[in-house]
Amino acid sequence: MPLMLKPPTQCALWTDPEATLANPLKQHFALHATFVEESHWWRYLLECRECGQRYVYEFHEEVDWADGDDPQYVTLVPVETQAEIDAVSAAPQGCLGGFIPRLCKDWPKGAARHLVRWVT
Ligand SMILES: [Zn+2]
């Protein structure tokens, strides 16, 4: 069963994720906590500078030994309570798929550009 979270409808990211994610992360978000910071896996707690919405942010990358075209995945999960933050931050690497809604910005192997979408 996916964990249903409150859609952040007040946030610019909700209506225009492509434009928002085109900016450097620092421009749109304040960093509140670092859960993981490894070479191919980062997980942070971010807060939107505009509306105060908090997100658990994850970046991870798979090493493409054959072609060096490493697929990259970014996921943002909107969170409100400490219980939600704890649940999302405790999920295994690359396993934020159990949380809805979530914003995915993926760069699969061989893609020409990022694919940005909300999974709702
Ligand atoms: Zn916002």
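Worth saying up front: this structure is predicted, and the values here are computed from it rather than measured.

Visitor: I'd like a description of the coordination of the zinc ion, backed by residues and values.
Guide: Taken together, the protein donors to the zinc ion comprise Cys 11 (SG), Cys 48 (SG) and Cys 51 (SG), at separations of 2.3 Å. A relative accessible area of 2% means that Cys 48 is categorised as buried. Classification of Cys 51 as partly exposed rests on a relative accessible area of 31%.

Visitor: Just give me the short version of the packing of aromatic side chains, but keep the residues and values in it.
Guide: Counted according to the given criterion, the structure contains 5 aromatic pairs. Ring geometry for Tyr 44 versus Tyr 57: centroids 5.9 Å apart, planes at 10°, classification stacked. One end of the pair, Tyr 44, is in strand E3 (residues 41–48); the other, Tyr 57, is in strand E4 (residues 54–61), with 13 residues separating them in the sequence. Across the pair, Tyr 57 and Tyr 44 agree in class, each one buried. Three or more aromatic residues joined by ring pairs form one cluster here, namely Trp 42, Tyr 44, Tyr 57 and Phe 59.

Visitor: Can you explain the pattern of salt bridges? Please cite residues and give values.
Guide: The tally for this structure, following the rule as stated, stands at 6 salt bridges. Salt-bridge contacts for Arg 113 lead to Glu 18; the nearest nitrogen and oxygen are separated by 3.2 Å. Pair noted here: Arg 113 is in the loop between strand E7 (102–107) and strand E8 (115–119) and Glu 18 is in helix H2 (residues 17–22), with a separation of 95 residues, a long-range link. For Glu 18, a relative accessible area of 39% gives the class partly exposed. Residue Arg 117 is joined to Asp 106 by a salt bridge in which the shortest nitrogen-to-oxygen separation is 3.3 Å. Placement of Arg 117 in strand E8 and of Asp 106 in strand E7 is noted, with a sequence separation of 11 residues between them. The partly exposed category is assigned to Arg 117, whose relative accessible area is 40%. Here the salt bridges do not stand alone but share partners, grouping Asp 64, Asp 67 and Lys 109 into one network.

Visitor: Tell me what's going on with the side chain of Ser 89, and back it up with residues and numbers.
Guide: Relative to the assigned elements, Ser 89 resides in helix H4 (residues 82–89). Of the polar contacts made by the side chain of Ser 89, one reaches the backbone oxygen of Ile 85; its length is 2.8 Å. Not counting the four nearest positions on each side in its chain, Ser 89 is found in contact with Phe 35 and Arg 43.

Visitor: So what's going on with the sheet that holds E7? Residues and values would help.
Guide: Taken in spatial order, the 6 strands of this open sheet run E2-E3-E4-E5-E7-E8, and their pairing is antiparallel. At either end of the open sheet lies a strand with only one pairing partner, and these are strand E2 (29–37) and E8. Adjacent strand axes in the sheet meet at a mean angle of 20° when their direction is disregarded. Across 5 bridges, strand E5 (residues 72–79) lies against E7 in antiparallel orientation. Residue pairing for E7: Val 74 is matched across the bridge by Lys 105. Contacting E2, E3, E4 and E5, H4 crosses the sheet at an angle of about 160° to E5.

Cut-offs used in this document
- Residues numbered from 1 in each chain as written.
- Predicted model: local features only at pLDDT ≥ 70, side-chain atom pairs only at ≥ 80, totals over all residues.
- Heavy atoms only, no water.
- Donors = N, O, S within 2.8 Å, 3.2 Å for Na, K, Ca; no water.
- Buried < 20%, exposed > 50% of the residue type's maximum accessible area, 1.4 Å probe, protein only.
- Phe/Tyr/Trp six-rings, centres within 6.5 Å; stacked < 30°, edge-to-face > 60°.
- Helix = DSSP H or I, 4+ residues; strand = E, 2+ residues; numbered from the N terminus.
- Salt bridge = Lys/Arg side-chain N within 4 Å of Asp/Glu carboxyl O.
- Polar contact = N/O pair within 3.5 Å; in protein donor to acceptor, adjacent residues only side chain to side chain.
- Contact = heavy atoms within 4.5 Å.
- Pairing = 2+ DSSP bridges.
- Axes fitted to C-alpha atoms, helices over the stretch in contact; angles between N-to-C directions.

The values are spatial; any link to function lies outside them.
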